[in-house]
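# Secondary and tertiary structure notes
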Amino acid sequence: MKCYSLLLGIIIAAVACSSLPAQEKPALQPNATVLSILQANAGKAVELHLRSGEKVGGKVGQVTDNIVYLSRLTGAEFYDAFVDVKDISAAVIRAGGR
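As the structure is a computational prediction, the values presented were derived from the model and not from experiment.

Conventions used here
Residues numbered from 1 in each chain as written. Predicted model: local features only at pLDDT ≥ 70, side-chain atom pairs only at ≥ 80, totals over all residues. Heavy atoms only, no water. Helix = DSSP H or I, 4+ residues; strand = E, 2+ residues; numbered from the N terminus. Buried < 20%, exposed > 50% of the residue type's maximum accessible area, 1.4 Å probe, protein only. Contact = heavy atoms within 4.5 Å. Areas by Shrake-Rupley, 256 points an atom, 1.4 Å probe, with all protein chains shown as cover. Core = buried A, V, L, I, M, F, W, Y, C linked by side-chain atoms within 4.5 Å. Pairing = 2+ DSSP bridges. Axes fitted to C-alpha atoms, helices over the stretch in contact; angles between N-to-C directions.

On a plain count of helices and strands, the protein comes out with two helices and five strands. Traced from its N-terminal end to its C-terminal end, the protein shows the element sequence α-α-β-β-β-β-β. In the protein, buried positions account for 19% of the 98 residues. The long-range share in the protein, meaning contacts at least 24 apart out of those at least 6 apart in sequence, stands at 35%. Just so you have it, the protein exposes about 7700 Å², and 60% of that area is on carbon and sulfur atoms.

Attention now goes to the nonpolar core. Ranked by size, the top nonpolar core spans 15 residues in total, and within it Leu38, Leu48, Val68, Leu70, Val83 and Ile88 carry the most contacts. Within the residue set of this core, elements represented by two or more residues are helix H2 (34-40), strand S1 (45-50), strand S2 (55-63), strand S3 (67-71) and strand S4 (81-84). Excluding residues that lie within four positions of it along the chain, isoleucine 88 makes contacts with Val34, Leu38, Leu48, His49, Leu50, Arg51, Val68 and Val83.

Time to look at the sheet that holds S1. With respect to topology, five strands assemble into an open sheet ordered S4-S3-S2-S1-S5, the strand pairing being antiparallel. Whereas interior strands pair on both sides, the edge strands pair on one side only; in this sheet they are S4 and strand S5 (88-93). Each strand axis lies, on average, 45° off the axis of its neighbour in the sheet, ignoring direction. Of the pairings in the sheet, the one linking S1 to S2 comprises five bridges and is antiparallel in character. Paired with histidine 49 across the strands is lysine 55, a residue of S2.

Structure (C-alpha cells):
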C-alpha cells in the first residue's frame with residue numbers, strides 16, 4: 001500500500017510540475033540592438049562574446065552608449081570589467097527555467 005501511495009504522489013507531483021506556466025520568450029523588437037538588450041537585462045548574469053573571440057561573463061551593472069559595466073565576473077568574482085560596446089559581437093542571457 002505504501003508503494004502505491006508513493007507512486008501516486010510522484011505522479012501527482014510530475015503532473016503539477018509539468019502544468020506550471022512556461023516562461024514566455026522575450027519579444028524581439030525590430031529596432032533592437034545588443035546595447036538595448038543589455039540595458040533591458042541590467043542586473044542579470046550575461047556572457048558577452050567579443051569580436052576578438054574572447055568571452056566575458058558577469059552581472060550587468062550600468063550600460064551607457066559606449067561602455068557596459070560587468071560586476072562579479074565569472075571565474076573572477078572579485079573583479080569587474082568595462083567592455084567597449086563596439087567590441088561585443090553577441091550577448092548570451094540565460095532564459096529562465098531551462
